[in-house]
Amino acid sequence: MGRVMDEAIQRLKDIRRKNLTGGGIEAVERQHSRGKMTARERIECLMDPGTFSELGSCVQATGRRIDGKKSDAPCDGAVVGTGMVDGRPVAVYASDFTVYGGSIGTQHLMKCARLLDMAAAWGIPMVWLLDSAGGRLGYQDVPVAGVDWYFALESRYSGVIPQINVLMGPCIAGQAYAPALCDFLLMSRGTGYLWLGGPRMTEAATSERIGDDVGGADYHMMYSGTCDVVGDSDRETIESARALLGYLPSNWREKPPRRETSDDPRRPVEELARLVPDDYNLGYDMHEVIKLLVDDGHYYEIKKDYAKNLITCFCRFNGEVAGLVANNPKEPGSILEIDSCDKYYRFLQVLDAYNIPLVTLVDTPPFVPGEDQEARGLLRHGGKILDVYATATIPKVSVVIREAYGDAGSIIMGGVKGMGVDLCYAWPIARFAVECSETDYRKVYGRGIEEDAYTGYLNRARERLDVFEAAKSWTAQVVDEVIEPGETRKKIIEALRITANKNEKLPPRAKMHGSSPT
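Residues numbered from 1 in each chain as written. Predicted model: local features only at pLDDT ≥ 70, side-chain atom pairs only at ≥ 80, totals over all residues. Heavy atoms only, no water.

Q: Even after reading the chapter, I still don't get empty space enclosed by the protein, so can you show me in this structure?
A: Any space left empty among the atoms is revealed by the rolling of a water-sized probe across them. The final tally for this structure, using the stated rule, is three cavities of 30 Å³ or more. Approximately 40 Å³ is the volume found for the largest cavity. Asp-183, Phe-184, Asp-228, Ile-302, Lys-303, Lys-343, Arg-346, Phe-347 and Val-350 together form the lining of the largest cavity. Among the elements that line the lining of the largest cavity, the one with the most residues is helix α12 (residues 338-353), at four residues. In terms of residue class, the lining of the largest cavity is built from four nonpolar, no polar and five charged. (1 Å grid on protein atoms, 1.4 Å probe; cavity = no way out; pocket = protein on both sides within 12 Å on 5 of 7 lines; lining within 4 Å. Points joined across faces, edges and corners; volume = space filled by probe spheres on them. Helix = DSSP H or I, 4+ residues; strand = E, 2+ residues; numbered from the N terminus. Nonpolar A, V, L, I, M, F, W, Y, C, P; charged D, E, K, R; others polar.)

In structure tokens form, the structure reads like this:
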């Protein structure tokens with residue numbers, strides 16, 4: 001090689017060497033002292049060993065500082081590239097907190113935005129490893145930190161490629177919409193924080209002091225429902241992201257990856273008859289039912305501690321991925337309400353976008369209205385599930401275990417045929433009704449109601465119809481077959497196999513979406 005080539009190669013090596021420490025050894029040590037990994041350590045944790053290929057390693061901050069000083073920002077605080085997760089290609093963006101707090105400068109923004117563009121074109125998932133102070137202040141060309149590009153691209157590619165955001169640091173103000181717009185948000189407990197207005201910003205603007213826990217991982221899991229999975233550390237949260245990718249296809253044109261299993265698809269599950277009480281007033285934990293039904297007892301739960309009366313999870317039946325939604329009678333009444341409707345709606349949107357079949361396990365009374373729920377829009381929230389369920393073109397299989405009452409059990413959970421469930425099974429103890437209240441309506445409505453109305457209509461609303469009465473006539477379109485509890489796993493697998501090539505199309509329209517209640 002000649003002198004020019006030698007010098008050029010050495011220059012490249014020097015850049016790469018400097019990039020390894022980001023903002024410097026001291027900044028890396030501070031990052032470790034906070035219990036956080038560096039951007040490159042996080043990428044190594046996510047990717048299969050030795051598969052990460054970096055893009056844009058020579059990028060530096062190009063914006064003009066207001067104070068006139070020269071910038072020194074290796075990679076402009078954004079490490080991006082591609083690699084393999086379980087042998088499948090994935091694009092990754094990691095903000096480097098050791099470089100200006102991971103703040104977003106012009107080149108930082110373009111690296112992330114361009115990578116998302118390329119990932120969509122290539123049909124591979126995009127993973128965000130986020131630890132950023134937000135927009136880079138003190139620069140003339142970053143008025144809104146460029147997050148408008150994030151929002152537009154995330155929205156346009158929603159449902160095109162899986163987008164997973166792993167939040168392991170602060171995320172504040174406008175940038176906070178970026179994690180919310182991804183398909184899934186995973187947060188690290190103790191280090192991940194998400195606010196529209198953090199404690200200092202809120203106090204400065206309104207004089208209100210909010211607790212340190214507001215905006216944390218547990219807060220967004222239990223109260224806002226924004227977070228899908230919580231990990232105890234950076235490593236655990238990233239490993240959860242790896243596991244989640246295993247249930248998702250690379251893009252909307254593909255199906256999720258199949259995994260070989262030794263779990264017999266015809267395995268009887270006789271324990272179910274003993275686990276589920278035939279006394280309708282007794283509860284049980286639906287998680288135990290799910291463990292017995294799915295391959296090897298393994299499933300991946302989404303929003304585990306939010307709206308716990310409804311379970312949403314990914315699982316496998318005979319190696320094939322399915323999304324499972326189930327009422328949980330262990331929680332108060334397994335009643336659907338606004339939060340559980342939001343949880344169900346969001347999950348079903350993702351399933352339909354990525355060709356993942358839906359399995360529902362039904363055991364619920366109807367909606368229980370009240371002033372608070374009505375004022376917050378219970379009808380709208382229930383209505384949007386009706387909309388997404390009816391328009392979802394994926395295979396839909398349901399099993400009524402005990403009770404399917406009213407609009408919640410019979411309609412929204414797929415307990416009757418009219419909403420588009422492909423196959424609906426029911427246990428021999430299943431029963432259906434308009435509602436299940438034992439209230440004397442004459443006392444509720446007061447004087448003025450005709451006496452014969454109570455017995456002639458209102459009292460009939462709570463009459464239970466057992467599954468054998470429902471199954472007598474197919475014109476009722478309630479259930480396709482009554483099954484023994486021990487047959488449930490086998491029947492679900494049979495149903496998923498039969499409907500695997502389902503080809504349903506919505507009526508043609510100019511836009512890709514309807515106008516559902518929100």
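Q: Just to check I follow, could you spell out the packing of α12 against helix α14 (residues 378-391) for this structure?
A: Helices that pack against each other are described as a pair by the angle of their axes relative to one another and the distance between those axes. Two numbers describe how α12 lies on α14: the axes approach to 9 Å, and their chain directions differ by 20 degrees. Here α14 runs roughly parallel to α12, going by the angle between their axes. Between α12 and α14 the crossing geometry is left-handed. Residues Ile-338, Cys-341, Asp-342, Tyr-344, Tyr-345, Leu-348, Gln-349 and Asp-352 of α12 form the contact with α14, whose own contacting residues are Leu-378, His-381, Gly-382, Lys-384, Ile-385, Val-388, Tyr-389 and Thr-391. The residue makeup of the contact of α12 with α14, split by class, is nine nonpolar, four polar and three charged. (Axes fitted to C-alpha atoms, helices over the stretch in contact; angles between N-to-C directions. Parallel < 35°, antiparallel > 145°, perpendicular 65-115°, else oblique. Left-handed = near helix turned anticlockwise from the far one by under 90°. Contact = heavy atoms within 4.5 Å.)

Q: Whenever I open this one, the side chain of Ser-103 confuses me. Can you help?
A: You can see Ser-103 is positioned in the loop between β3 (88-95) and α4 (106-122). Among the polar contacts made by the side chain of Ser-103, one reaches the main-chain carbonyl oxygen of Tyr-100 at a distance of 2.8 Å. With near-sequence residues (within four places) excluded, Ser-103 lies in contact with Asp-76, His-108, Ser-132, Ala-133, Gly-134, Gly-135 and Arg-136. (Polar contact = N/O pair within 3.5 Å; in protein donor to acceptor, adjacent residues only side chain to side chain.)

Q: Teacher, can you tell me more about the nonpolar core here?
A: Side chains of nonpolar character tend, in soluble globular proteins, to be buried together. Membership of the largest hydrophobic core comes to 61 residues, with the highest contact counts inside it found for Leu-129, Ile-164, Phe-184, Leu-244, Phe-314 and Tyr-344. Looking at which element gives the most residues to this core, the answer is α12, with seven residues. For Phe-314, the contacting residues outside a window of four places in its chain are Phe-184, Leu-244, Tyr-247, Leu-248, Tyr-299, Tyr-300, Ile-302, Val-321, Ala-322, Phe-347, Leu-351 and Ile-356. (Core = buried A, V, L, I, M, F, W, Y, C linked by side-chain atoms within 4.5 Å. Buried < 20%, exposed > 50% of the residue type's maximum accessible area, 1.4 Å probe, protein only.)

Q: I'm lost on a nonpolar patch on the surface in this one. Help?
A: A cluster of nonpolar side chains, namely Met-1, Met-5 and Ile-9, defines an oily patch on the protein surface of about 340 Å² accessible area. Along the chain, Met-1 turns up in the segment before α1 (3-20). (Patch = residues over 30% accessible without salt bridge, like charges linked within 9 Å, V, L, I, M, F, W, Y side chains within 5 Å. Areas by Shrake-Rupley, 256 points an atom, 1.4 Å probe, with all protein chains shown as cover. Salt bridge = Lys/Arg side-chain N within 4 Å of Asp/Glu carboxyl O.)

Q: Got a minute to help me understand the pairing of strand β4 (residues 126-130) in this structure?
A: Side chains on a regular strand alternate between the two faces of the sheet. The buried fraction of β4 amounts to five of the five residues, a majority that puts the element mostly inside the structure. Of the two faces of β4, the one lined by Met-126, Trp-128 and Leu-130 and the one lined by Val-127 and Leu-129 are each fully buried. Of the strand pairs in this sheet, β3 and β4 are connected by four bridges, and their pairing is parallel. Looking at β4, one finds that Ala-94 is bridged to Leu-129. Crossover connection from β3 via α4 to parallel β4: handedness right-handed. Sheet topology note: the β4/strand β5 (residues 163-167) ladder contains five bridges and is parallel. Its bridge partner being in β5, Met-126 is matched across the sheet by Gln-163. (Pairing = 2+ DSSP bridges. Right-handed = clockwise from strand over helix to strand, strands pointing away.)

Q: I would appreciate a short explanation of the packing of helix α3 (residues 39-46) against helix α9 (residues 234-245) in the present structure.
A: Packing of α3 against α9 leaves a shortest axis separation of 9 Å and a crossing angle of 40 degrees. As far as their axial angle goes, α9 and α3 are oblique. Considering only the axes of α3 and α9, their crossing is right-handed. For the pair α3 and α9, the contacting residues are Arg-42, Cys-45 and Leu-46 in the first and Asp-234, Arg-235, Ile-238, Glu-239 and Arg-242 in the second. Split by residue class, the contact of α3 with α9 holds three nonpolar, no polar and five charged.

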